Amino acid sequence: MEGGKGVLKVDQYEMLRTAYRVYGKSINEIARITGHSRNTVRKALRGEPWGYRERGHQPFPVLGKYLGVIDGWLKGDKDRPRKQRHTARRIYRRLVEEYGYRGSEGTVRRYVRLAKVILGLGMAGVFIPCDPEAGYEAEVDWGQAVVNLGGEERRLSFFCMRSKYSGKHFVRFYLCERQQAFFDGHMRAFDFFGGVFPVLIYDNLTVAIRKVLRGKGRIEQEAFSKFKAYYSFVSRFCNPGSGHEKGGVEGMVGFVRRNYLVPILEAADLEELNERVLWKCLAYGSHKMAGRDRTVEELYEQEKGHLLALPEEAFSNVEVSAGCRVDKYATVVVDKNRYSVPSRYAGFKVRVLLYAERVEIFYGTQKIAAHERLYGNNKWCLHADHYLELLKQRPLAFHSARAIRQWRLSWPSSLSALLERFCFAQGETKGIKDFITVLMFYRDYEAGEVEAAVELALEHNLSSSDGVRHLLVCAHGIETSIMPLTSWGSLPVPDISVYGQLGGGQ
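Residues numbered from 1 in each chain as written. Predicted model: local features only at pLDDT ≥ 70, side-chain atom pairs only at ≥ 80, totals over all residues. Heavy atoms only, no water.

### What about the sheet that holds strand β14 (residues 366–372)?
Taken in spatial order, the four strands of this open sheet run β9-β12-β13-β14, and their pairing is antiparallel. Strands with a single pairing partner mark the edges of an open sheet, and in this sheet they are β9 (319–325) and β14. Here the strands of the sheet are splayed against their neighbours by 25° on average, with no regard to which way each runs. Direction of pairing for β9 relative to strand β12 (residues 349–354): antiparallel, over a ladder of five bridges. Bridged to Arg-325 within β12 is Lys-349. (Pairing = 2+ DSSP bridges. Helix = DSSP H or I, 4+ residues; strand = E, 2+ residues; numbered from the N terminus. Axes fitted to C-alpha atoms, helices over the stretch in contact; angles between N-to-C directions.)

Given below as structure tokens:
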């Protein structure tokens, strides 16, 4: 510091305070000796000159006459859509364009930030730390992910239920997010956890909610109310747009995508996919969550005893269609899709049971067909076996039959070779009929056994279904023996001596 001007250095600050506190010098004397002004001396004696001192009032001299305008705009934003409110930049540009403001944008931004806090606009979310009760609450949500199913990449939905206390979770994939799949996910999750959580927390899902009322009021779907009453749990729904109210399962959906499905999971069908995911859910739990002193698995074992017991019988999650009639294509139209039945039932009325993942068709009390459930419109699920008798009567339709064409995409090349051999040896019509007989062997034998017999038949140049049947019988080790017919009548023993008299012989 030169000439007593500028910021006090530490040694100068020490000299001023020592002269006053130790030697009893007055402020005037110190100012005269040091050359500092009396105000500077007073400030040094009051406290640390280099310390932080909060400004009592933040002035906005250039912006001052526009503060009322800015406050009015911000207050009006309270009744506007969240995504159509004033930003600090928009306020700055309006002030320039409409009021001729010449100050900086930074000044506007500082005031808008302060004003929004005062008015309660755009405040950062504040959350309450919670310590969940064991076996009391669980969170439910849907997620979506891409998987490789049967060699084809498909986007599927997965159901997720997570315990708030232990963090243990259950995941299962479905072809859709319809109510039946929603209920099926709950039932399988309850079996997985070994009981029912008394409180389940949801988004405002349409499969559960018919109408969202003001505040916490909800009108539930009738079927969901029945399901909830059957398992005796209480539903709690988040506020609209407030997924953080069930943040545990929201985070778990992302965890499943990143940890269970990277790289993209491959499976032959939905059943295999869910089996692999189930093993991952069972293996989850060897770590400790933040703020917990025990592992997920240990907490899960503890909370089991607090869950509600499962009912003796599971909820009947089945849709029944009793008035269906088999059409001329030997199919039944259910839920806008077609499912085949054996052709002999064409024209008959049947009863259809629709489960979340499968369809079963009954004639009276006899189950005549079972299919994987289709979702969508105008899809066909055909089993070639249902049309074999009809194709045997009309062999020239064999190559163009939709069920056969679909089957040929996946059947082994040995079947195609056998068909070609039969047609070459017997002619096209007889060869196709005889080949259909081979296809019927799938009803009585395992697929692997039939295909092994076909390979052997090709190796030994057999050209008929009888040869394939013989190979199947021998493969099963069925022994054949010739037994005497003891009860069968026999002729008397011939007298061959009379043959000597023929021709006049003696």
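Let's pick the thread back up.
### A look at the pairing of β14
Across six bridges, strand β13 (residues 358–363) lies against β14 in antiparallel orientation. Within the sheet, the bridge partner assigned to Tyr-363 lies in β14 and is Gln-366. Between β13 and β14, which pair antiparallel in sequence order, lie two residues; one of them, Gly-364, sits at a positive phi of approximately 65°.

### A word on the sheet that holds strand β10 (residues 331–334)
On the basis of which strands lie adjacent, the open sheet formed by three strands has the order β10-β11-β15 and mixed pairing. Unpaired on one side and paired on the other, β10 and β15 (380–381) mark the two borders of the sheet. As paired strands, β10 and strand β11 (residues 337–340) are joined by four bridges and run antiparallel to one another. If you follow Thr-331 over to β11, its bridge partner there is Ser-340.

### Observations concerning a negative patch on the surface
On the surface, a cluster of negative charge is contributed by Asp-269, Glu-271, Glu-272, Glu-275 and Glu-372. Of the residues forming the negative patch, the biggest block, three residues, is contributed by helix α10 (residues 270–283). Structurally, Glu-372 can be placed in strand β14. (Patch = residues over 30% accessible without salt bridge, like charges linked within 9 Å, V, L, I, M, F, W, Y side chains within 5 Å. Areas by Shrake-Rupley, 256 points an atom, 1.4 Å probe, with all protein chains shown as cover. Salt bridge = Lys/Arg side-chain N within 4 Å of Asp/Glu carboxyl O. Lys, Arg positive; Asp, Glu negative; His and termini not counted. Charge placed at Lys NZ, Arg CZ, Asp CG, Glu CD.)

### Here's the deal with the environment of Lys-304
Looking at where Lys-304 falls in the secondary structure, it is placed in the loop between α11 (296–303) and β9. A C-alpha to C-alpha distance of 7.3 Å links Lys-304 and Phe-193, two positions 111 residues apart in sequence. For Lys-304, the side chain forms a polar contact with the side chain of Glu-301, separated by 3.4 Å. (Polar contact = N/O pair within 3.5 Å; in protein donor to acceptor, adjacent residues only side chain to side chain.)

### Some details on the packing of aromatic side chains
Taken as a whole, this structure holds 38 aromatic pairs when the rule is applied. Between Trp-142 and Phe-182, the aromatic rings sit 6.5 Å apart at their centres with planes inclined by 35°, giving tilted as the arrangement. Of the two residues, Trp-142 is situated in strand β1 (residues 137–149) and Phe-182 in helix α7 (residues 179–193); the sequence distance between them amounts to 40 residues. A relative accessible area of 0% places Phe-182 in the buried class. Both rings, one in Phe-255 and one in Tyr-260, keep their centres 5.8 Å apart while their planes meet at 75°; by these two values the pair is edge-to-face. The exposure class of Tyr-260 is buried, given its relative accessible area of 7%. (Phe/Tyr/Trp six-rings, centres within 6.5 Å; stacked < 30°, edge-to-face > 60°. Buried < 20%, exposed > 50% of the residue type's maximum accessible area, 1.4 Å probe, protein only.)

### Quick word on the pattern of salt bridges
Under the criterion given, the structure shown has 20 salt bridges. The closest approach of N and O atoms between Glu-98 and Arg-94, which form a salt bridge, is 2.9 Å. Of the two residues, Glu-98 and Arg-94 both sit in helix α5 (residues 88–99), four residues apart, roughly one turn of that helix. Here Arg-188 and Asp-184 are joined by a salt bridge, their closest N and O atoms 2.8 Å apart. In this pair, Arg-188 and Asp-184 are both assigned in helix α7, four residues apart and thus about one turn of the helix distant.

### Comments concerning the packing of helix α16 (residues 447–459) against helix α17 (residues 465–475)
Where α16 contacts α17, the two axes come as close as 9 Å, and the packing angle between them is 120°. Overall, the two elements α16 and α17 adopt an arrangement that is oblique. Both α16 and α17 take part in a crossing whose hand is right-handed. Contact residues: α16 offers Glu-449, Val-450, Ala-453, Leu-456 and Ala-457, while α17 offers Val-468, Leu-471 and Leu-472. (Parallel < 35°, antiparallel > 145°, perpendicular 65-115°, else oblique. Left-handed = near helix turned anticlockwise from the far one by under 90°. Contact = heavy atoms within 4.5 Å.)

### As for the nonpolar core
Residues Met-161, Phe-182 and Leu-273 are the most contacted members of the largest nonpolar core, which totals 57 residues. Broken down by element, the residue count for this core peaks at eight residues, all from α7. Not counting residues up to four positions away in its chain, the partners in contact with Phe-182 are Val-140, Trp-142, Phe-159, Tyr-202, Leu-205, Val-207, Ala-208 and Phe-224. Core analysis: the next-biggest nonpolar cluster, separate from the first, contains 33 residues, Leu-388, Ile-436, Val-438 and Leu-439 among them. (Core = buried A, V, L, I, M, F, W, Y, C linked by side-chain atoms within 4.5 Å.)

### Quick word on unusual backbone geometry
Along the chain, Val-262 connects to Pro-263 via a cis peptide bond; the corresponding omega equals 0°. Residue position: Pro-263 is located in the loop between α9 (247–260) and β8 (266–267). Positive phi is not limited to glycine here, since Ser-232 has a value of about 65°. As for its position among the elements, Ser-232 is in the loop between α8 (222–231) and β7 (234–237). By relative accessible area, which is 51% here, Ser-232 ends up exposed. Phi angles above zero are rare outside glycine, and Asn-461 is one such case at about 60°. The residue Asn-461 is located in the loop between α16 and α17 in this model. Owing to a relative accessible area of 56%, Asn-461 belongs among the exposed residues under this scheme.

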